[in-house]
Amino acid sequence: MERLKNLSLSLSLSLIYENIYEYNITYCISTDKFEIPIHLNIMTEIEKLDKIAINVKSRKLLLKLLSENPKLDEIIRNSNNETEALVGVRNWILDELKSRPDTFKFYKSKHSSRDSFEKLEWREYAYIRILDYIDNAGSEYADLNLRGEIAVSNPIKLIWLAATHGTGGAKPDFFEDMIRLFRQLTGKTKLEIPDTKKVEEWMERYPSGLDPRIVELRNENKERILSLIIKKIDTGEKKDPRYKFSPGMTAQEKLQLAYEWWNESLFHLRFAIRTPELLNEMLGNSLDPDTMKILKDAEAAGIPFFVNPYYLSLLHVRVPYFATGADLAIRDYVIYSSKLVEEFGHIVAWEKEDLVEPGKPNAAGWLLPSHHNVHRRYPEVAILIPDTVGRACGGLCSSCQRMYDFQRGNLNFNLKKLKPGEKWPDKLTRLLGYFEKDSQLRDILVTGGDALMSSDKSLQKIFDGIYEMAVRKKKMNEKRPDNEKHAEILRVRLGTRLPVYLPQRITPELSKILAEFKSKASEIGVKQFIIQTHFESPMEITPEARQGIQRLISAGWTVTNQHVLTTASSRRGHTAKLRQAMNEVGVLPYYTFTVKGYMENSHNFATNARAVQEQMEEKRIGQISPEYYDNIRNFPLEAEMMAENIEALRRFAKLPFLATDRNVLNLPGVGKSLTYRVIGITRYGRRILEFDHDNTREHSPIIHKMGKVIIIESKSISEYLRQLDEMGEDITEYEEIYGYSIGQTEPRIPIYEYPEYDYNVTSELTNLKVN
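Not measured: the values here are computed from a predicted model.

Enquirer: Can you tell me about the sheet that holds strand β13 (residues 672–673), naming the residues and giving the values?
Expert: Taking strand neighbours across the sheet as the criterion, the 9 strands line up as β5-β6-β7-β8-β9-β10-β11-β12-β13 in an open arrangement whose pairing is mixed. Looking at which strands have only one partner, the edges of the open sheet turn out to be β5 (374–376) and β13. Bridge count for strand β9 (residues 528–533) against strand β10 (residues 558–565) is 4 bridges, and the pairing is parallel. Paired with Q532 across the two strands is T560, which belongs to β10. Helix α25 (residues 508–522) contacts β8 (491–495) and β9 of the sheet and is inclined by roughly 145° relative to β9. The strands that helix α27 (residues 574–584) touches are β10, β11 (588–594) and β12 (662–666); relative to β11, the one it contacts most, it runs at about 155°.

Enquirer: I'd love a proper account of helix α17 (residues 289–301), names of residues and values included.
Expert: Over its 13 residues, α17 extends 18 Å from the first C-alpha to the last, a length consistent with the 18 Å expected when each residue adds 1.5 Å. Among all positions in α17, only T291, M292, L295 and A298 are buried. Down the axis of α17, the sector holding all buried residues measures 120°, keeping them to one side. Looking at α17, the residues exposed on the side facing more than 90 degrees away from the buried face are P289, D290, K293 and A300. Looking at the buried side of α17, the elements it contacts are α16 (276–282) and α20 (338–343). The distance from a side-chain oxygen at the start of α17 to the backbone nitrogen of D290 is 3.0 Å, and the residue carrying that oxygen is D288. Looking one or two residues beyond α17, the residue adopting positive phi is G302, at roughly 100°.

Enquirer: Quick rundown of the nonpolar core? Include the residues and the values.
Expert: Counting 141 residues, the largest nonpolar core has L279 and W557 as its most contacted members. Apart from residues no more than four positions distant in its own chain, W557 is found in contact with F463, V492, L494, L514, A515, F517, K518, F529, I530, I531, L552 and A639. With 72 residues, the next largest nonpolar core counts L65, L86, L120 and V678 among its residues.

Enquirer: Please provide a residue-by-residue account of the state of the cysteines, values included.
Expert: As enumerated under the stated definition, the model contains 0 disulfides in all. Among the cysteines around C393, which has no disulfide bond, C400 carries the closest sulfur, lying 6.1 Å off. Among the cysteines around C397, which has no disulfide bond, C400 carries the closest sulfur, lying 6.3 Å off.

Enquirer: I'd like to hear about the packing of aromatic side chains, residue by residue, with values.
Expert: What the rule picks out here adds up to 31 aromatic pairs. When the centroid spacing of 6.2 Å and the interplanar angle of 70° are considered together, the rings of F117 and Y125 count as edge-to-face. Ring geometry for F305 versus Y336: centroids 5.0 Å apart, planes at 45°, classification tilted. In this pair, F305 sits in the loop between α17 and α18 (309–312) while Y336 sits in the loop between α19 (328–334) and α20, placing the two residues 31 residues apart along the sequence. With respect to burial, F305 and Y336 carry one shared label: buried. Each residue in the set Y243, F245, W261, F267 and F271 is aromatic and connected to the rest through ring pairs, giving one cluster. Above the ring of W366, the side-chain terminus of R376 is found at 3.8 Å from the ring centroid. Residue placement shows R572 over the ring face of Y734; its charged tip is 5.4 Å from the ring centre.

Enquirer: Describe the pattern of salt bridges, naming the residues involved and giving the relevant values.
Expert: Tallying each qualifying case throughout the model produces 55 salt bridges. Residues R100 and E124 are paired through a salt bridge, measuring 3.0 Å at the closest nitrogen-oxygen approach. With a gap of 24 residues between them, R100 in the loop between α6 (82–97) and α7 (101–108) and E124 in helix α9 (residues 122–135) connect regions that are remote in the sequence. Under the relative-accessibility criterion, E124 is labelled buried at 7%. The salt bridge partner of R633 is D630, with a shortest N-O separation of 2.5 Å.

Enquirer: Pulling in residues and values, what's your account of the packing of α6 against α9?
Expert: With their axes 10 Å apart at the nearest point, α6 and α9 run at an angle of 145° to one another. Remark: the crossing between α6 and α9 carries left-handed chirality. Between α6 and α9, the contacting residues are L86, V89, R90, I93, L94, E96 and L97 on the first element and R123, Y127, I130, L131, I134 and D135 on the second.

Enquirer: Pulling in residues and values, what's your account of the sheet that holds strand β17 (residues 742–743)?
Expert: Strands belonging to one sheet form pairs held by backbone hydrogen bonds; the direction of such a pair is parallel or antiparallel. In space, the 4 strands of this open sheet follow the order β16-β15-β14-β17, with antiparallel pairing throughout. In the strand order of this sheet, the two ends are held by β16 (709–712) and β17, each with one partner. Where strand β14 (residues 676–681) lies against β17, 2 bridges are found, and the strand directions are antiparallel. Residue pairing for β17: Y676 is matched across the bridge by G743.

Enquirer: Tell me about helix α28 (residues 608–618), and name the residues and values.
Expert: Of all the 11 residues making up α28, 10 are buried; the element is thus mostly covered by neighbouring parts of the structure. If you check which residues of α28 are buried, you get N608, A609, R610, A611, V612, Q613, E614, Q615, E617 and E618.

Enquirer: Explain the confidence of the model for the protein chain to me, and be specific about the residues and the numbers.
Expert: Taken residue by residue, the protein chain gives an average pLDDT of 92. The fraction at 70 or more is 94%. Segment residues 1–41 is flagged for pLDDT under 50; beyond a separation of four residues in sequence, or across chains, it makes 60 contacts in the model.

Enquirer: Go over the environment of I134, please, and point to the residues and values.
Expert: Summarising the element assignment, I134 is placed in helix α9. With relative accessibility at 11%, the residue I134 sits in the buried group. Residues I134 and D73, 61 residues apart in the sequence, show an inter-C-alpha distance of 17 Å. For I134, the contacting residues outside a window of four places in its chain are L86, V89, R90 and I156.

Enquirer: So what about the environment of L355? Which residues, and what values?
Expert: Mapped onto the fold, L355 is located in the loop between α20 and β5. Separated by 17 residues in the primary sequence, L355 and H372 have C-alpha atoms spaced 10.0 Å apart. Filtering out sequence-adjacent residues up to four positions away, L355 remains in contact with A349 and Y404.

Enquirer: Let's hear about unusual backbone geometry: which residues, and what values?
Expert: G449 follows G448 through a cis peptide bond whose omega is 20°. Following the sequence through the fold, G449 ends up in the loop between β7 (443–446) and α23 (456–477). Although it is not a glycine, R147 adopts a positive phi angle of roughly 60°. Tracing the sequence through the fold places R147 in the loop between β3 (139–143) and β4 (149–153).

Rules and cut-offs
Residues numbered from 1 in each chain as written. Predicted model: local features only at pLDDT ≥ 70, side-chain atom pairs only at ≥ 80, totals over all residues. Heavy atoms only, no water. Pairing = 2+ DSSP bridges. Helix = DSSP H or I, 4+ residues; strand = E, 2+ residues; numbered from the N terminus. Contact = heavy atoms within 4.5 Å. Axes fitted to C-alpha atoms, helices over the stretch in contact; angles between N-to-C directions. Expected span 1.5 Å × (residues − 1). Buried < 20%, exposed > 50% of the residue type's maximum accessible area, 1.4 Å probe, protein only. Arc of directions from axis to C-beta. Polar contact = N/O pair within 3.5 Å; in protein donor to acceptor, adjacent residues only side chain to side chain. Core = buried A, V, L, I, M, F, W, Y, C linked by side-chain atoms within 4.5 Å. Disulfide = S-S within 2.5 Å. Phe/Tyr/Trp six-rings, centres within 6.5 Å; stacked < 30°, edge-to-face > 60°. Lys NZ or Arg CZ within 6 Å of the ring centre and 35° of its normal. Salt bridge = Lys/Arg side-chain N within 4 Å of Asp/Glu carboxyl O. Left-handed = near helix turned anticlockwise from the far one by under 90°. pLDDT = per-residue confidence, 0-100.

Take a look at the structure:
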């Protein structure tokens, strides 16, 4: 013992939990070059968790798992420790794969293809997942859902601990996932893809906002909201220099004038709801006490409220028999969850662009002219966020990707302070100079906030700046030889949710500005003009939204949609119906995003397995055959006829909708992808996914250094299904969801590809610094 006091011991956490039950842990004493067993009177956090007894429900599920799988039961009971259990299960699965060489090849491959993914049989998903679990047994991950706590995945060990000692602390959701995994492995569960008729039956559950019965309900809501606003103006509670009544006006005259105000976007911004009490009052005091407590706690925590009267009128107060639950996807965007309130103040940035330091490259290696105004992930495109009211939105989505910035106070709804200052024009010129001098940028996405929150005057200045920049970039290319020429501007995009939140903003005047810019920019080689909006539910496609979309299309702009697959919108048939309803008004689906973020967004998070299930089982009925690719590639050339061209192709190809979107997750830092494998699972049944980058598009070279991306989901599949059950869903319709443990990013539809140049662009990457 005296000698040991003079030795410096290097303690390894991995060694500690390798022999977690023995505590006779062997350390390498490098100074003497031999190993000494030392009994340590310490216990790691992992050890403590492994000592926790499983509960009664977990015990019953464990017994079901073992009784259904005699081979697994034999391996577990004949193993003296978890290592023997791991080896036994691995040998079992590898023996099964001897007759499946293609499956083994997929399992061993570092980068899989869409073709090889689509050839996998249902049981083969399970073979690969079990081997991935074993390969990653004992791996530790910082779980940002739990504010950085270490999560360890070792499912076979947890089964062994539970069966041998009744410990391990694994929860029922973990065992439920294991039961489904081994049923898939043994072929007890089969994949049954629903036919088109079944998917269309699910779609019929959700009316659109153009349904005459829904329109009538919204008119009732509008009158109730306007009557309350009139009352508050009359009592002096609300004062506005523009929106006021003349003395002597009758109640009917006031209501008639208020109806005229309703058609002005400024009215909705001025009278936006900013407190829980007013929100409840405008909803006819229909919110229950529990919801009101959450909203008041949210206000106390500093989460802003901003819901404009128009969007609020889309929520049901009197739930109709024919549309029960139809507004849930909208409601969950307005009503905050208890998890968001709990986590606000502790939210960690998902988007690594939010953590950019001035003068240093961002997570993708790009050097930027401003860490607030320009975001960039890819070589070809960068985001421009103007210093205008465009930094705000027409409302705050509860699962907003910028909630981290609201937490920091960088974003708010103080619209007066967000008006552009005197220095903004000079700053805009400098920022656009970045696009002008970059070798690869050909696509500028103006967003925020919300691009259309900027006034017409501000938008006109932004368009003028983009046009002048594009002209200068084109002229500079004239001096460069072929193969050294820079990419010229081909695409201009506006990111906006106002066609949904506040369609009154899309006026004939705005349409004229858009049309004039397109006409002028087309002459210098800009070929694609795109509005990226964000419809979340078919119930958001209202007569007002349809009119706004028609005005955008009439200006010659293509309108595409980025949908977020929340729990409510992930219900069977909901997203398929949204695609159909958007097509009918001339909108093309672009992306269907998994909810990003951590525990703050867990209420709205639908698992990535559901995203793959939706892709494989529902979206497939709108899949476009390659024979129509040339047809759809030309749609933007006749953008004014978009609705008619979409309808014609749907009829000719006999499709209920055009599935032009890709289901993806926006990865932290670099890229979008749905190429993943489930490589681990926590004691609580939350899955650990390893994502690969989308190999169908260009990336920053940094991805070769970054490697794959680990994502720990914020809820288990069982928890997700319980949430659907609470929404009234029949969860037996989702039976196969557990099996979707592998995903593969879909190919891009040609309509979203960049046009080709008539010259060769340099391979040089400027504004890039990769250590």
